[in-house]
Each structure stands twice: as C-alpha cells, then as structure tokens.
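Single-letter residue listing:
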Amino acid sequence: MSSEQNGGSPSQPDAPPDAPASGPRTLAEDLRARDDSALAALLRARPDLLSPVPGDLTQLATRAGTRASVVRALEQLDQFTLQTAEALAVAPAAPPPSGGGRPRQGTAAIREALAELLPGEEAAERLPQALAELRARALVWGPAEHPRLVRTARELLTSPSPTGLGPALVEAMAAAGPAKPSPSRLQEMLARVGLPGTHDPVSALSALTALFNDSERMAALLAEAPEGAEAVLRKLEWGPPYGAVDLEAPSPPVAWLLDRALLVPTGAEPGGGQSAPGSVVLPREVALQLRGGRAHRVLEPTAPPVAVTRTYQAPTVDATAAGQAMTAVATVEELLGRWEAEPPPVLRAGGLGVRDLKRTAAALDLPEPAAAFWIELAYAAGLVASDGEVDEAYAPTPAYDEWLRATPAERWATLVVAWYRATRTAGLVGEGHPALERGREWGKDARGRGPAPLGPGLDRSPAPEVRQRALRLLAELAPGSAPDRDTLRERLRWERPLLGNRAAARATEQGAADGGQELRTRLLNWALDEAETLGVTGRGALASYVRPLVDAEAEEPHGPRASQETDTTRAAVAQALAPHLPEPLSEVLLQADLTAVAPGPLERDLAAFLGVLADVESKGGATVYRFTPESVRRALDTGRTAADLHAFLDAHSSTPVPQPLTYLVDDVARRHGQLRVGAASSYVRCDDDALLAEILADRRSAPLRLRKLAPTVLASPAPPDQLLARLREMGYAPAAESAEGDVLLARAAAHRTPPRTAPEPVPEGPPAPDSALLTAAVRAIRAGDHAATLPLSAGPDRQAPWADRRKAPSAPPPEGGLPRTVMAETLATMQSATLSGSAVWIGYVNADGAASQRVIAPVKVEGGFVTGYDHTADEVRTYPLHRITGAAEVTEA
C-alpha cells in the first residue's frame, strides 16, 4: 500500500475539507511532529516496523499502514479501544444533528459523533485513554480534537464491520451494480420521502443521507411505514445488514422500504463475493437511527472483574504447590533416567511415536496426555533432544547433567521458566474435540492424525501470552484466591479480543481445525491445568514463590538480553521456593514385608541406588519400594557384593534391617554368578555340573538349543544377551563374563546427545526491542528524514541532500590513509560520542582485509563491539572494536 493511501504524502491529503488547516495533512507529517520518546513508544508497541529500520518517517508511515502491520496492531488492543476504532471506522463524515438542526461541522463533529456512537459515562471517561492508545500505535493521527483512523484500519474494520453496520447509503448505491437505481428512480425516491427534486444523482443522495441522519424526520418517516416494514428493518438492525428478498415481486412492506432507499439492492457482499439474487442491504445511516446512534449492542468500556470461587490460607497454597513442584522435578528426572538407558527413536516425520509415548506413560504411571506434557517440558528446558545419529533417537542433553547437579529448587525454576515462555503446546497431543469443520477432531490433520510429542505442528504463538496474562491476573488477586475460570476467560477476551485469530487461521491452513475463540479457551484451560500440575498454583491459587517470575516478566519484556534476564529470574524463583521444600532424607523405613517407605524426597544418590536395589511400588506423599530377587540381582549386576548391599541398608535404614530382607540378599548373592554366560555364539559355564544338567532338563530352555561341550560348559546359538535374559526368566542368576573370564558389570550406558540449545519460542512477530536499539533506530530515522526533506543545493554541481550535511574530521588523515589511534583512545572516543550523541569518523578493516572510512553515530559500546547508525551505509550496524584502526570526532564542514 502506498504512503499516499495512509498519509505518507501530502499530494493526497487524507483529511476532510473542514479539518483544521494547522493540523497535519498526512500520517507522515503527524509522525514528524512527534518527539523521540513518542516514536520510541510506537516502535516498542509495533516492533514489526523495525524490520528493517525505516529510512525516514515517510517509510515508517507507509509501513505502519500496511495491512499485515495494522492487523498485528489491532490484535494488541483491548475490547473498548478496539470498539473505539470500530466506531471511528463507521463514524459519518457529518454526524446526525440532535433535534433536527443543521449538520455539525468542524472538529466538534468527530467528538460528538463518538459520544453518540459510544454512549455512557464510563465510555466518555475511558474514551480519551482509548484514543491516546490508538494514536500511540499510529492507528489514529491528526489533531487531538480531530482524530482520524488510518485508512487501512478503516478498511479492515468495515469489510465487514464488527459492529454489524453495513455500508453508507452512497457506498451501497455505488456497489449495487446492475441493481443501481437510475437518476429518475432516485427522483422518485425523493418524492416518496417528501423531499424536493434535485438536478443530479449526487445531490439526490446527499439529500437522502441528510434525511437519514435527522432523527426527528426519520421518526416521522417510519411512522408512515405500513405494518411489517419496521419489523423487516429490525431484523437487520444489529447485523448482518444483508438480507434476501424477492425483488421481482416484493411484499408490500419490502416494496415500501425499497421505494424510499431504506433498503438498497446490492450486487456484491462485503469481501468481494457475489451476493445471492435478490439480496438487499440496510444503509448504515438507517441502522444507526434504529439503534439510537449506538455503534455496538454491548459496549464494554471497563474490564470485567475476575471472580474468586474460594480463598485459602497462603501457607496452605504454598505447601500444596511445593509438593507438586517436588513431584514435577522427580517426574522429569525419572523420565530422562529411563530415556538415557533406552532412547526412543525419532519418527521419520519427526516426533515421538505412539508406541513409545504409551510405553513412557506406562513407565511413569501417567495418562498419555500428562506424559506428553512432561516430555515437551523437558524439551523446552533443553534437557532432551535428538542425538543426530544415523538411527536417530531422543536422549538427554549435556545440560541434563548440569540440571541434576543443581538443587531441587533450581531444577524446578529451570522447568517453570521454560514453561512460562514456551510456544509449544503439549495439550494438542491427542486432544479430541467435536468436529469444527469437515468432521475433523481438534488439532488433527486431514488424515485424522494428531501432532506427535516433540514433533512439528505444536507451536501456537498466542500460548505464552495467554499463559503469562492468566498468571498476572492471578497475581493481582488477594493471596490464596482461586479464580473462577469463566470470568478469567472473559477478562482475557476483553484484554485481547482478536488474539489467536491469525494463529488459528494458519493452523486451519495446515489442516488443524483451530478456531480463534476456541483456541484461546483451550490455551487458557491448558495453562491453568499445567500450572497446577507443575506446582505454579496450589488449589487454583497462585503460589507466593512464583510472583518473582510474574513480576520480572511484566517489568522486562523478553528481548535481546533474555539470557541474562532468564538467569536472574531463575535465581529469584529458586530462592523464593527453597524455604517451602522439605530437606532431602538420608534414611528410609525398612519393613518386614520386603518394602521400604520413603516419607519424603530422598537424597539424590540414595534415591538413585535404591531405585536399582528395589522396584517402586507406589508414589504419592510417600514412596514405597519393594525388594524382589530380580531387583537384588540387578544391584549385584552393577558390581556390588552382598556385603556392600548389607552396608548400604544398614547405613540408610532408620530401623534395624528386617531379617527377611537380609535372607533375600544373601540367597540371591549366593546364587548370583554361579552361571557365567559368554560369546560362542554364547555359552554357559558353571563349576556345578549338576546345575547345568538341571538346565538342560528344563523344558523352558528348549528355545535356547543348549548342548553340552564339557561337563561344566553349555553352548547355545542364541546371542549372550538373549541367553542371559532367558536364564533369568527361568529363575537363575547368571552373570555375563568377558573373553578373559572376568565378570561384566551391568551398568546401563547413559546416552547423551551432543551439546544442544533449548528450542526458541516461536512468537507471533519480532521480539520487543531493547532501549539501545530503539535509541539507534529513532536516531537513524530522524537523520534519514532530515536528509530526505532537505532541498537540493543549487547549481550544476548539486549533490544528494545528505551531502549538504556531510561532516569532516577535525584531524584529516594523510592522503589515502585511515585514522590511527591506540585502542584506549579509540574506546574513549566511542564512549564519549555515545554519551554526547555526536558522530565519529572511523577507519575500519573488514574480515577480508579491505579498508574503508565511515562516519557513525555510536549508541552502545559493550563487549568489545560498538553499535551505531552508520551514515555511510544509511543503517544501524555493529562493528568489532579490534577492527577499528582509529576514531576521531567530526565537526560540521
């Protein structure tokens, strides 16, 4: 879209004849009159305008008026600000007078029109704030007393209008096509409404428009309508404004309305589609009179409150949430502990297979959707990734080892910070929903397949905003307050009524049936459920130790300094959580029924080996372990002896070791290693030939096809691992041995991926810029605009406008040379120029050894780099200090 269409050029002013002559004629002129802080606020609110940095204010105005950028800007508005924009889009050029007087003119017309379109004391009180917000986002421009909506926004909000209003009378007549009334037909309409004839169609339409804008004359006209005519108008009053009638033989009420232009035949519906034969439209002026001048049926000037369903004591909430936090850390550790031993394969199309998801869910004793959530959470935290091998599989990353060495509070903080910002939505995995279109289920493609965990198609860009805003609203409630989900959902809808529409549209194009409102509702429900599971909330109320995360994200947007901010936030959350977590236990309760009870979280080394020595029987507030011959044999396979196991149990039992457990360990240890399995294909060796004879006689050994090679040796064509597994199933305790006859320790290899970074969230648009980038961008735009608006110099040797402002170095270099200064002087010059805002002349040598001279305006010197606006390249650039040969301040030539 050209700048002329959005106020970028004065050649086509987008202002009415009665606009104040002193006001800006275009959006570019309006932006030019704003100060640097206002421009920085605009770029912060609409960061897409910075990609790339506009060359001048005309380019900025043009970009601000493009359809994609305006759509993004509208999505960030709250309900009343959006309703204000919608009212501006349908506001008549000359609003209807009150009391039948002359139409109002000048700047008062817009104010009075908005007052009638948005009635009520609350709306009047909130209207200045809404207009200021629209102006700050460059959706409205012009004098404060005469606001004008950007043309692209007006087109988006009237095609069709969310208010349910149709086109104005003049627009409806122009779009009627073949059904457009002839000049004589227009004169007949004037006569039927009691107006004198005119000389041309333009003045006839103006007379009809003036009539429809006059509330008293319209009331008198409708009083003459036949029975049923007003009922027809009332059906179209609040939209949609289109209806179907029989134009060939209309009913008397419809014919009366058509004869007076209260209904207009139309040839095309909004959006360019062809209407059905006989369709009519209700003109906007008529609809406003029927509505009493209101633009919206339900006006929402204030945010709906979030209701509280129940209030708990804050310590109760924190204790409940902290218990869930411990469970979350333990679940992720158990998940990745299993995957490091048996990495699941990666599907050809990416993601985790259904069988592996079921197997993981069964191992964790969780439903599949819950298992998918923990898998996605570990992935978002950078703890699991694909190993990149030929037979690709998912395995823990090196970051997992660092995570294990951290305290429980630090581990949980890592998980919750990753969850808080993630765009991947685990709720889409396996989520079923009634068909939204063409019989599809929620989130499924045309073949009925849902997204796989860790696979593509799970990113939903509105997810972090819904999640973060929901927690901020919880933080605004009194401590311990559990909100009502319906009112929370209504509050989120009011704050961002258009949020999720574009994400839902893209998902629909990719085969998923996501609706905008439906997507937002699902995202909120998933966010609240996940928060409860993760320990962010307890009994529905926000835990106190999460408030540092919510406050940090609200104060500092996710931007270029995200790594430093994340570390600080993670440390603050961990510090707040630590007092609520119990101290890890170093002892368990051993019972005579061969079980051990851990009444709380165990020290990591204790929990790790106890998980080898015994099987987890149940989880909850306390974990119950059961000792079995298989579990004891598993511990012996790691190289421990019976004496080691007895010492371990004695050291970590708060009561004497029960005798049955002592007997179990001794019995398994006595039989362990009597049989030795090696590679022949495989063989079994034992000093007890009677035991080998027993194995040969056992029918269960038939699949192994054992044969005796010697009194103490059996051979089998089966691989050693299969032979070991089969003998263990038969109740024996064989040990594997090497070619030298040494016992092989059965320690599962801890598979790790190469170093991997956590997946970056996929936001809807570019990230929010930091203050340094905003300062540099505003300075660059101002400089470019100043250069573009300077008149050309006179004479045959005139140059480009920027040449008139060219600066020369205070100490010119030798002919063909570069400025030469020592590093300390270069650094001091750069820092001084950054503080003063002056330009610097530098010599620069790039990576290829090519030397050049440049004039830059530094804005940031940090980490061995200088960032500033390069007047030579006409853009913001960053240069390494070690490649700058020298620097000198410049003065005006």
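Residues numbered from 1 in each chain as written. Predicted model: local features only at pLDDT ≥ 70, side-chain atom pairs only at ≥ 80, totals over all residues. Heavy atoms only, no water.

### Details of the overall build of the chain
Phase 1 of the analysis: A count of helices and strands for the chain gives 34 helices and 26 strands.
Phase 2 of the analysis: Within the chain, residue pairs in contact and separated by at least 24 positions form 68% of the contacts whose partners lie at least 6 positions apart.
Phase 3 of the analysis: A total of about 41500 Å² of accessible surface is found on the chain, and carbon and sulfur atoms cover 53% of it. (Helix = DSSP H or I, 4+ residues; strand = E, 2+ residues; numbered from the N terminus. Contact = heavy atoms within 4.5 Å. Areas by Shrake-Rupley, 256 points an atom, 1.4 Å probe, with all protein chains shown as cover.)

### Some remarks on the environment of G621
Phase 1 of the analysis: Among the structural elements, G621 can be located in the loop between β14 (615–618) and β15 (623–626).
Phase 2 of the analysis: Taking the relative accessible area as the measure of exposure, G621 reaches 72% and is therefore exposed.
Phase 3 of the analysis: Not counting the four nearest positions on each side in its chain, G621 is found in contact with P599 and G600. (Buried < 20%, exposed > 50% of the residue type's maximum accessible area, 1.4 Å probe, protein only.)

### Structural notes on a negative patch on the surface
Phase 1 of the analysis: A contiguous patch of negative charge on the surface is contributed by D687, D688, D689 and E694.
Phase 2 of the analysis: Within the secondary structure, D687 sits in the loop between β17 (682–685) and α31 (689–697). (Patch = residues over 30% accessible without salt bridge, like charges linked within 9 Å, V, L, I, M, F, W, Y side chains within 5 Å. Salt bridge = Lys/Arg side-chain N within 4 Å of Asp/Glu carboxyl O. Lys, Arg positive; Asp, Glu negative; His and termini not counted. Charge placed at Lys NZ, Arg CZ, Asp CG, Glu CD.)

### A few points about helix α11 (residues 201–212)
Phase 1 of the analysis: For α11, spanning 12 residues, the distance from its first C-alpha to its last is 16 Å, which sits close to the expected 16 Å at 1.5 Å a residue.
Phase 2 of the analysis: Within α11, burial applies to A204, L205, L208, T209, L211 and F212. The buried residues of α11 occupy an angular sector of 160° when the element is viewed end-on, so they sit on one face.
Phase 3 of the analysis: Elements that come into contact with the buried residues of α11 comprise α9 (169–174), α10 (183–192), α12 (215–223) and α15 (284–290).
Phase 4 of the analysis: Near the N-terminus of α11, the side chain that reaches the backbone nitrogen of V202, with its oxygen 3.1 Å away, is that of D200. (Expected span 1.5 Å × (residues − 1). Arc of directions from axis to C-beta. Polar contact = N/O pair within 3.5 Å; in protein donor to acceptor, adjacent residues only side chain to side chain.)

### A closer look at the pattern of salt bridges
Phase 1 of the analysis: As enumerated under the stated definition, the model contains 45 salt bridges in all.
Phase 2 of the analysis: With its nearest N and O atoms 2.9 Å apart, the salt bridge here joins R185 to D259. Separated by 74 residues along the polypeptide, R185 in helix α10 and D259 in helix α14 (residues 252–259) bring together distant segments of the chain.
Phase 3 of the analysis: Of the residues examined, D259 reaches a relative accessible area of 19% and is grouped as buried.
Phase 4 of the analysis: Salt bridges here are not isolated pairs; linked through shared partners, they connect R185, E188, R192 and D259.

### Structural notes on the side chain of T826
Phase 1 of the analysis: Structurally, T826 is set in helix α34 (residues 823–836).
Phase 2 of the analysis: Side-chain polar atoms of T826 contact the side chain of T821, separated by 2.6 Å.

### Looking at helix α3 (residues 57–64)
Phase 1 of the analysis: Along α3, six of the eight residues are buried, which leaves the element largely enclosed by surrounding structure.
Phase 2 of the analysis: Residues of α3 that are buried include every one of L57, L60, A61, T62, R63 and A64, and no others.
Phase 3 of the analysis: Next to the buried residues of α3 lie α1 (27–32), α2 (36–45), α4 (67–75) and α33 (771–789).

### Notes on the packing of aromatic side chains
Phase 1 of the analysis: The tally for this structure, following the rule as stated, stands at six aromatic pairs.
Phase 2 of the analysis: Relative to W403, the ring of Y400 lies with its centre 6.0 Å away and its plane at 25°, an arrangement referred to as stacked. Of the two residues, Y400 and W403 are both situated in helix α19 (residues 398–405); the distance of three residues between them amounts to about one turn of the helix. The two residues Y400 and W403 agree in class, both being buried.
Phase 3 of the analysis: Seen in terms of ring centroids, F609 and F648 are 4.8 Å apart; in terms of plane orientation they differ by 75°. Their pairing is edge-to-face. Here F609, found in helix α27 (residues 604–613), pairs with F648, found in helix α29 (residues 642–652); they are 39 residues apart in sequence, far enough to count as distant. (Phe/Tyr/Trp six-rings, centres within 6.5 Å; stacked < 30°, edge-to-face > 60°.)

### Considerations on the packing of helix α5 (residues 79–90) against helix α7 (residues 121–136)
Phase 1 of the analysis: Two elements in contact, α5 and α7, have axes whose closest approach is 9 Å; the angle formed by their N-to-C orientations is 80°. Comparing the axis directions of α5 and α7 gives the class roughly perpendicular. For the pair α5 and α7, the contacting residues are F80, T81, T84, A85 and L88 in the first and A123, R126, L127, A130, L131, E133 and L134 in the second.
Phase 2 of the analysis: When grouped by side-chain class, the residues that make up the contact of α5 with α7 number eight nonpolar, two polar and two charged. (Axes fitted to C-alpha atoms, helices over the stretch in contact; angles between N-to-C directions. Parallel < 35°, antiparallel > 145°, perpendicular 65-115°, else oblique. Nonpolar A, V, L, I, M, F, W, Y, C, P; charged D, E, K, R; others polar.)

### Describing the sheet that holds β15
Phase 1 of the analysis: Pairing is antiparallel across the open sheet formed by four strands, whose spatial order is β12-β13-β15-β14. Among the strands making up the open sheet, the edge pair consists of β12 (589–591) and β14. On average, adjacent strands in this sheet sit at an angle of 30° to one another, irrespective of strand direction. (Pairing = 2+ DSSP bridges.)

### With respect to unusual backbone geometry
Phase 1 of the analysis: Of note, the bond from S159 into P160 is cis; its omega dihedral lies within 30 degrees of zero at -10°.
Phase 2 of the analysis: The residue P160 is located in the loop between α8 (151–156) and α9 in this model.
Phase 3 of the analysis: Of the consecutive residues G239 and P240, the connecting peptide bond is found in the cis state with omega at -5°.
Phase 4 of the analysis: One non-glycine residue, R539, lies in positive phi territory at about 60°.
Phase 5 of the analysis: As for its position among the elements, R539 is in the loop between β10 (537–538) and β11 (541–542).
Phase 6 of the analysis: For R539, a relative accessible area of 44% corresponds to the partly exposed category.

### Observations regarding the pairing of strand β22 (residues 840–845)
Phase 1 of the analysis: A large share of β22 lies buried, amounting to five of its six residues.
Phase 2 of the analysis: Note that β22 and strand β23 (residues 851–862) share six bridges and pair antiparallel. Within β23, the residue paired with W841 across the bridge is V855.

### A few points about the sheet that holds strand β3 (residues 242–244)
Phase 1 of the analysis: Overall, antiparallel pairing links the three strands, which are arranged β3-β5-β4 in an open sheet. Pairing within the sheet leaves two strands with one partner each, and these edge strands are β3 and β4 (264–265).
Phase 2 of the analysis: Strand direction decides the pairing type here: β4 and strand β5 (residues 279–281), joined by two bridges, are antiparallel. Of the residues in β5, the one forming a bridge with V264 is V281.

### Considering the nonpolar core
Phase 1 of the analysis: Counting 85 residues, the largest nonpolar core has L43 and L262 as the members making the most contacts within it.
Phase 2 of the analysis: With seven residues, α5 is the single largest residue contributor to this core.
Phase 3 of the analysis: Look past the residues within four positions of L262 in its chain and what remains in contact with it is F212, M218, L221, L222, L233, W256, L257, L282, P283 and V286.
Phase 4 of the analysis: Grouped together as the second largest cluster of nonpolar side chains are 75 residues, A413, V466, L474 and L577 included. (Core = buried A, V, L, I, M, F, W, Y, C linked by side-chain atoms within 4.5 Å.)

### A look at the side chain of T425
Phase 1 of the analysis: Along the chain, T425 falls in the loop between α20 (408–421) and α21 (463–476).
Phase 2 of the analysis: A distance of 3.3 Å separates a polar side-chain atom of T425 from the backbone oxygen of T423.
Phase 3 of the analysis: Those residues in contact with T425 that lie beyond four places of it in its chain are L458, R460, A463, L523 and W526.

### Regarding the packing of α27 against helix α28 (residues 629–637)
Helices that pack against each other are described as a pair by the angle of their axes relative to one another and the distance between those axes.
Phase 1 of the analysis: Put simply, α27 and α28 touch, their axes get as near as 7 Å, and they point 120° apart. Comparing their axes, α28 and α27 come out oblique. Contacts between α27 and α28 involve F609, G611, V612 and L613 on the former and, on the latter, S631, V632, R634 and A635.
Phase 2 of the analysis: Looking at the contact of α27 with α28 residue by residue, the classes come out as five nonpolar, two polar and one charged.

### Focus on the confidence of the model for the chain
Phase 1 of the analysis: Here the chain shows a mean pLDDT of 82. Residues at 70 or above account for 83%.
Phase 2 of the analysis: Note on residues 7–21: pLDDT is under 50 here. Beyond four places in sequence and across chains, it has 31 contacts.
Phase 3 of the analysis: A low-confidence stretch, residues 792–816 stays under pLDDT 50, and its non-local contacts, those more than four residues away or across chains, total 33 contacts. (pLDDT = per-residue confidence, 0-100.)

### Quick notes on the pairing of strand β25 (residues 875–880)
Across a regular strand the side chains alternate sides, sitting on one face of the sheet and then on the other.
Phase 1 of the analysis: Here strand β24 (residues 865–870) pairs with β25 via six bridges, running antiparallel. Bridged to F865 within β25 is P880.
Phase 2 of the analysis: Where β24 folds back on β25, the antiparallel hairpin that results is connected by four residues, among which D874 adopts a positive phi of roughly 60°.

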